[in-house]
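Inside the fold
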Amino acid sequence: MSLLLAVIIGMLFASALYMMMRRSFVKLTIGLILIGHSANLLIFTCAATRRDGSMERLPPGLIEEGQTRIEGEFADPLPFALILTAIVIAFAITAFTLVLVKRAYQEVGTDDLDNMRTTDR
Amino acid sequence: MMLSLAILALLSVAAPWVCRYAGPARGVVLAAFPLGIGAWFASKIPAAADGEGIVESVAWLPELGLELSFRLDGLSLLFALMVTLIGAGVLLYAGAYMKGHHQIGRFFCYLIGFMTSMLGLVLADNLILLFIFWELTSITSYLLIGFNHDKKESRAGALQALMVTGLGGLAMLAGLVVLAFAAGDLAGVAGGVWNMSELPEGLSGHAHYPWIVALVLAGCLTKSAQFPFHFWLPSAMAAPSPVSAYLHSSTMVKAGVYLIARLHPNLATGTAEGLWEGLLIGFGATTMFVGAYLATRQTLYKRLLAYSTVSSLGVMVMLIGMGHPDAAAAYILAHAMFKGCLFLVAGIVDHEAGEKDVAEIGRLFRAMPATALAAVLAGISMAGVPLAPLAGFVAKEKMIKAGLDAGPLTALLTALIIAAGSFTVFIAIMTGFKPFFGKASREPKKHAHEAPWPMLAAPVILAVLGIVYALVPALFATPVVTAAGEAIKGGPFEAALRLDAFYYYEISLALGLSLLATLIGVGIYFGRGLWVKATSPFAKLDGVVGPAKMYDYAMLGLTKGSWAQTRVLQNGSLQVYIKMTLVAILGMFAWAIWRTGFLPSVGTNFERTGLLEWVLIISIAVSAIVATRLGSRLATVAVLGVIGYAVAVVFALYGGPDAAMTQFAVETLIVVIFVLVVYHLPRFAVYSGLAVRVMDLLLAATFGGVMACLVLAAGSQELFAPISAYFNEAAMPETPDGQSAYGRNLVNIILVDFRSVDTLGELVVLGIAAIGVYTLMKLRDDQEGTPVAEREGDEDQSEEGDA
């Protein structure tokens, strides 16, 4: 599974960056969404892979009622906490970018980034 | 000592209010403080002269072994007296000179600020402290040169001075750090020796000695305007005259000389062939000659004096290098008197007669007799006219004697000294005699009259002190010069110092050469038209390849280079930024692998993968490719949704239900928002050509491949044990009243307990994004209102869901 996930992450990064390098502002937004997924999967895979390269389905880090700790193996909660934060922030960025694209398109009448450069100078 | 610095610093801040409320008395009020401090320093002459000096120290950064340490020894005392006493005279003078200027308060703030920095510089014992004061003098000098900032040459001169002395200062900082650590090596002190008074002997044997000398001298030589860095000093003459007299003649430009003198006992090799001595003699003698020569071609009063100051600074550096600290100290003191006086006189002539050019004016003696008297005394002193009982004569005799005692260099150095001396005589006539007694080719622009007493006080006192220096040296000259000279030498003199003029009244080669120089100087004065014509080819050469021109070229190159670099790296195109970043990251990967030869091992235990995983993987892979190819906006949104849900399922399968739930919720929201705005968005357009797209694809694919390898490699490393066991322990209390996070979901307790500040930051980001979305939609509310409300609702939901 880790090998497959690594390949997937590579593909997601490649398509995300390809979209981000387009001159179309909408495509840039799609690239941003994709790169968010790539990064989340990357954090997850790096943490869940064992030294020998294997990956196992483990129970989540939940303590049973009446217990004070989890006995036996469980999935590392830290990467999931980080991913959870990252998902929410990626969402905020996506929402903002979408509105920005819409608004910029209304104002400038184009979504070609090369034609928007004058405002950057 | 620290108290005196504090008083001056406060005075600098208070100066604008003093100027406002004290009115015409401002000069007197302000000058009283440095005068008092100077008197205190004068009372310390015996204490400072006994080798150890007076030390004050306060811990600053004790962890780094740094302290605010100040030390008053003979050398510091000489400079401290010049800084405070000449400073008091200049403040008095400036109170009248700057009368009516609308920014007079700011002027005094800068000027006293400089005084504080300069005093700190000469009192500091700690190398870092010295550097800080050193740069402060550069900055205050910048502010003062550029004081008349509405004039172009003021701004250019200020910038030039700052660039040259600032760059030199940075080199010097490196040199001082190397020096401190080299000294630490020799003294066996880890962390370096930072106090100059504790520097050990024998630094010249250290492996880094050439670096120390080169870097420290880079700072000193630029600050003290040595050839070929001399050009900033004449440009600095755009400053008001009191500033020129104070900073660019008496004090700041001598900071480099001061540091050279200060480090001389530690860095000198003891022979004239040593690196330190060789560089000092070489730069000093060249500067002495070139500066004096360049001065002879000037006709503007202050520029004449500026070039002659360059020459004098060369003399000081040369005398230290030649191993004549007594002559150097005697010359420094004498120079401060006659040159400071002449600069102030130049200011008076400008202020009271409206004239800046000495070639045109003359016969001002009748209009301003007191000024003329001071100028003539200072001029004779500067020329070192033989047998005239003035400070300049004594200093010049000592200088010529030093030249005649220079071993294999005797002939060369003596010739240069005499040549520079002849030019100096000419400059002295042009500045001290010509404006007052010489022939005038026209009437002065203003009706010339005598200056008010505050402006006369300092030049007249300085001129008279020149006589006291040579006639009654025991009064102040001998103790001060002896103490300073012994500090430069690093030990007591064998014989008592003779500074009385009559001691030099003997028929000797030195006196004969001095007379010769005077005669040549007078000759040049009478044949000055011919002289200017004869030397003009050299001036043309200087205009094409001279140091000032080189500076211009360098500045032009810097500006053009910056523009070119900005056009390439910061051209405003997002695509270029991304490409640059990717190429840079790939380059760093390649470099790291090449440097370490380290390719991390990858675990290869890839277990059989179940059907569900295969379905997820294939759907993500297909979607990732399809997402870049689709022309339809709605279909792309659907494909993005597939990826998002598949990723969520992966999290859910591998023990992350919380992340999976968030991902489901967010993905749904994004699809909803996208669908809502999708028809307001532009259609997908292909703007780039095929070649660009292929190149981008190659770059993206390469980076993706690297990331895939990185994931495999990183997954197989375990540098530290995971800390999840700790979360497991800390989640629930062992006993009912024990301390813990009181949560059963480990991901939750991490978010709200252990990394709660992180979560707070995340909420802030969400809030800012929400405000941004709201503003973007509301900025022009003639567009549809409903989506706005819905989108706001979405934001709120997500924040609640997360919390």
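Keep in mind the model is a prediction, meaning the values are calculated, not measured. (Residues numbered from 1 in each chain as written. Chains lettered and ligands numbered in written order. Predicted model: local features only at pLDDT ≥ 70, side-chain atom pairs only at ≥ 80, totals over all residues. Heavy atoms only, no water.)

1. With respect to the overall build of chain A
Scanning chain A for helices and strands turns up 3 helices and 0 strands. For chain A, the succession of helices and strands along the chain, N to C, is α-α-α. Against the 2.2 N^0.38 benchmark of 14 Å for 121 residues, chain A shows a C-alpha radius of gyration of 20 Å, more extended than a compact globule. With respect to the three principal axes, the spread of C-alpha positions in chain A is 60 × 35 × 20 Å. Looking at chain A as a whole, 60% of its 121 residues qualify as buried. Contacts in chain A between residues at least 24 apart in sequence constitute 54% of all its contacts with a sequence separation of at least 6. Approximately 4,400 Å² of chain A is accessible, and the part contributed by carbon and sulfur atoms is 57%. Between the mean site of the 11 positive side-chain charges and the mean site of the 12 negative ones, chain A shows a separation of 11 Å. (Helix = DSSP H or I, 4+ residues; strand = E, 2+ residues; numbered from the N terminus. Rg over C-alpha atoms; globule rule 2.2 N^0.38 Å. Buried < 20%, exposed > 50% of the residue type's maximum accessible area, 1.4 Å probe, protein only. Contact = heavy atoms within 4.5 Å. Areas by Shrake-Rupley, 256 points an atom, 1.4 Å probe, with all protein chains shown as cover. Lys, Arg positive; Asp, Glu negative; His and termini not counted. Charge placed at Lys NZ, Arg CZ, Asp CG, Glu CD.)

2. Details of the interface of chain A and chain B
In this complex, chain A contributes 94 residues to the contact, which on the side of chain B involves 106 residues. Buried surface at the junction of chain A and chain B, summed over both partners, amounts to about 9,300 Å²; 72% is from carbon and sulfur atoms. The three residues of chain A that bury the most area against chain B are A:Met1, A:Met21 and A:Phe91, which together make up 9% of that side's buried surface. Remark: the boundary between chain A and chain B carries 4 salt bridges. Among the ionic pairs, A:Arg69 bridges to B:Glu729, the shortest N-O distance being 2.5 Å. Seen at the junction of chain A and chain B, the total is 11 residue pairs in polar contact (both at pLDDT 80 or more). Every element with two or more residues in the side of chain A that touches chain B is listed here: α1 (2-20), α2 (25-48) and α3 (77-108) of chain A. Of all the elements, α3(A) adds the most residues to the side of chain A that touches chain B, at 25 residues. (Buried area = accessible area lost by both parts, 1.4 Å probe. Salt bridge = Lys/Arg side-chain N within 4 Å of Asp/Glu carboxyl O. Polar contact = N/O pair within 3.5 Å; in protein donor to acceptor, adjacent residues only side chain to side chain.)

3. Here's the deal with the packing of aromatic side chains
One pass over the structure, following the stated rule, counts 29 aromatic pairs over all chains. Taking 5.2 Å as the distance between ring centres and 50° as the angle between the ring planes, the aromatic pair formed by B:Phe727 and B:Phe754 counts as tilted. Linking B:Phe727 in helix α28 (residues 724-731) with B:Phe754 in helix α29 (residues 746-754), this pair joins segments that are 27 residues apart in sequence. For B:Phe754, a relative accessible area of 31% translates into the label partly exposed. Through pairs of rings, three or more aromatic residues link up here, namely A:Phe44, A:Phe80, B:Phe651 and B:Tyr654. For the cation-ring pair, A:Arg22 lies above A:Tyr18, with the distance from its terminal atom to the ring centre recorded as 4.4 Å. (Phe/Tyr/Trp six-rings, centres within 6.5 Å; stacked < 30°, edge-to-face > 60°. Lys NZ or Arg CZ within 6 Å of the ring centre and 35° of its normal.)

4. A closer look at the domain arrangement of chain B
According to the domain assignment, chain B contains domain 1 (324-407 + 419-526), domain 2 (537-569), domain 3 (607-682) and domain 4 (755-803). Measuring from the centre of the C-alpha atoms in domain 2 of chain B to the corresponding centre in domain 3 of chain B gives 58 Å. (Domains from an automatic or database assignment.)

5. Quick look at the confidence of the model for chain A
Mean pLDDT for chain A: 86, with 96% of residues reaching 70 or above. Element-level mean pLDDT values for chain A span from 89 in α3(A) up to 91 in α1(A). (pLDDT = per-residue confidence, 0-100.)

6. Some points on the pattern of salt bridges
In this structure the tally under the stated criterion is 14 salt bridges over all chains. One salt bridge in this structure joins A:Glu65 and B:Arg744, with 3.7 Å as the shortest N-O distance. Of this pair, A:Glu65 sits in the loop between α2 and α3 while B:Arg744 sits in the loop between α28 and α29, each in a different chain. According to the relative accessible area criterion, A:Glu65 is exposed, its value standing at 69%. The exposure class assigned to B:Arg744 is partly exposed, which follows from its relative accessible area of 26%. A salt bridge links B:Glu494 to B:Lys489; the nearest nitrogen and oxygen atoms lie 3.5 Å apart. Note on B:Glu494: relative accessible area 76%, which makes it exposed. Residue B:Lys489 is classed as partly exposed on the basis of its relative accessible area, which comes to 35%. Through salt bridges with shared partners, a single network forms among A:Arg22, B:Lys579 and B:Asp696.

7. Observations concerning the packing of helix α24 (residues 611-629) of chain B against helix α25 (residues 633-653) of chain B
Pairs of packed helices are described in terms of their axes, by the angle between the two and the distance that separates them. All names here are of chain B. Look at α24 against α25: their axes get within 9 Å of each other, and the N-to-C directions meet at 150°. When the axis of α24 is compared with that of α25, the two are roughly antiparallel. Considering the relative orientation of α24 and α25, their crossing is left-handed. Across from Leu612, Leu616, Ser619, Ile620, Ser623, Ala624, Val626 and Ala627 in α24, the residues of α25 making contact are Thr636, Val639, Val642, Ile643, Ala646, Val647, Val649, Val650 and Leu653. (Axes fitted to C-alpha atoms, helices over the stretch in contact; angles between N-to-C directions. Parallel < 35°, antiparallel > 145°, perpendicular 65-115°, else oblique. Left-handed = near helix turned anticlockwise from the far one by under 90°.)

8. Topic: the state of the cysteines
For the structure on display, the rule yields 0 disulfides over all chains. You can see B:Cys109 has no disulfide; the closest cysteine sulfur is in B:Cys19, sitting 9.5 Å from it. Not part of a disulfide, B:Cys709 finds its nearest cysteine sulfur in A:Cys46, a span of 12 Å. (Disulfide = S-S within 2.5 Å.)

9. Comments concerning the nonpolar core
Counting residues in hydrophobic clusters, the biggest one holds 207 residues, and the most contacted among them are B:Phe41 and B:Tyr469. Not counting the four nearest positions on each side in its chain, B:Phe41 is found in contact with B:Met1, B:Ser4, B:Leu72, B:Leu77, B:Ala80, B:Leu81, B:Thr84, B:Leu119 and B:Leu123. With 83 residues, the next largest nonpolar core counts A:Ala75, B:Ile620, B:Leu699 and B:Phe727 among its residues. (Core = buried A, V, L, I, M, F, W, Y, C linked by side-chain atoms within 4.5 Å.)

10. What about the pairing of strand β2 (residues 66-72) of chain B?
All names here are of chain B. Most of β2 sits out of view: 5 of its 7 residues are buried. Taken together, the 7 bridges between strand β1 (residues 54-61) and β2 define a ladder with antiparallel strand orientation. Paired with glutamate 56 across the two strands is phenylalanine 70, which belongs to β2. (Pairing = 2+ DSSP bridges.)

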